[in-house]
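Take a look at the letters that make up each chain.
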Amino acid sequence: MSIRVYGVDCPELGQPYGAEARDMTTKLLNGRRVEIIPAQTRKSYKREVAGVVLLDDMIVLQDTLISDGLAWVDDRFCHMAVCDSWRQHQADAKAAKRGLWSVENPTPPWTWRRLQRSGVAHK
C-alpha cells in the first residue's frame, strides 16, 4: 500500500536531509506493525492521505519526523487539531537546530519542487 503521509512534507532526496528522512522512515517502519489512519476522503496522487502509528510503541511517524527536524508541517494542508502539536514540535526542533533546521534558510520541499520544475538552480 502506498500512502501520502498527512500534514508533513519531508525534504526531497536532492535536498539536505532528504536521505536522512527516508532512512529514518525506513528504519522506523521496517517490519513493524502499523495502523494507517485515513486523514481525508479524497486521494492525493492516487494515494491515501493518512497518519501512520507504529502500534508496538505507539509512535506517530509524523511526530518523529518533525521532532527530529526531518520534515516540515505543511500548513497548506495540515488543518486537524494535531497540527498545532506538530507546529510546536517543529518550533522546538528549529530552536535546537535539529536536522534540516541546522541549515541556514532551508528550502521547503514544495518550493524546491516548484523550482525544479521551472529549471531554476538552487540548493
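All figures in this text were calculated on a predicted structure; none of them were measured in a lab.

Reading the values: rules and limits
Residues numbered from 1 in each chain as written. Predicted model: local features only at pLDDT ≥ 70, side-chain atom pairs only at ≥ 80, totals over all residues. Heavy atoms only, no water. Salt bridge = Lys/Arg side-chain N within 4 Å of Asp/Glu carboxyl O. Helix = DSSP H or I, 4+ residues; strand = E, 2+ residues; numbered from the N terminus. Buried < 20%, exposed > 50% of the residue type's maximum accessible area, 1.4 Å probe, protein only. Expected span 1.5 Å × (residues − 1). Contact = heavy atoms within 4.5 Å. Disulfide = S-S within 2.5 Å. Core = buried A, V, L, I, M, F, W, Y, C linked by side-chain atoms within 4.5 Å.

> Is there a simple way to think about the pattern of salt bridges in this case?
When the charged atoms of two side chains lie near each other, side chains of opposite charge can form a pair. In this structure the tally under the stated criterion is eight salt bridges. The salt bridge partner of Asp57 is Arg32, with a shortest N-O separation of 2.0 Å. With a gap of 25 residues between them, Asp57 in the loop between strand E4 (48-54) and strand E5 (59-60) and Arg32 in the loop between helix H1 (18-29) and strand E3 (34-38) connect regions that are remote in the sequence. What makes Arg32 partly exposed here is its relative accessible area of 28%. A salt bridge links Arg87 to Asp84, with the nearest nitrogen and oxygen atoms 2.9 Å apart.

> Explain H1 here, please?
Structural remark: α-helix, 3.6 residues per turn; residues separated by three or four positions point the same way. Its twelve residues give H1 an end-to-end C-alpha distance of 17 Å, which sits within 8% of 16 Å, the value for a rise of 1.5 Å per residue. Where H1 is buried, its residues meet E4 and helix H2 (61-67). Phi turns positive, to about 75 degrees, at Gly31, one or two residues after H1.

> Even after reading the chapter, I still don't get the state of the cysteines, so can you show me in this structure?
Here, the word disulfide means a covalent bond between the sulfur atoms of two cysteines. Throughout the structure, instances matching the rule amount to one disulfide. Residue pairing for Cys78: its cysteine sulfur links by disulfide to Cys83, the two sulfurs lying 1.9 Å apart. One quick way to see it: the torsion about the S-S bond of Cys78 and Cys83 is about -90 degrees, and its sign makes the bridge left-handed. Across this residue pair, the class does not change: Cys78 and Cys83 are buried. Counting only cysteine sulfurs, Cys78 is the nearest neighbor of Cys10, a cysteine outside any disulfide, at a range of 13 Å. Classification of Cys10 as partly exposed rests on a relative accessible area of 21%.

> I'm lost on the environment of Trp86 in this one. Help?
With respect to the helices and strands, the residue Trp86 is situated in helix H3 (residues 82-95). Owing to a relative accessible area of 3%, Trp86 belongs among the buried residues under this scheme. Distance in space between the C-alpha atoms of Trp86 and Ile66 is 6.8 Å, their sequence separation being 20 residues. The contact partners of Trp86, leaving out residues within four places of it in the chain, are Tyr6, Gly7, Val8, Val60, Gln62, Asp63, Ile66, Val73 and Cys78.

> Would you take a moment to explain the nonpolar core for this structure?
One broad trend across soluble globular proteins is that nonpolar side chains are buried collectively. The biggest cluster of nonpolar side chains holds 20 residues, and the ones touching the most others in it are Tyr6, Leu65, Ile66, Cys78 and Trp86. Of all the elements in the fold, those that place two or more residues in this core are H1, E4, H2 and H3. Residue contributions to this core peak at four residues, all from E4. In this structure, Ala93, Leu100, Trp101 and Trp110 belong to the second largest nonpolar core, which totals five residues.

Just geometry here; none of it tells us what the structure is for.
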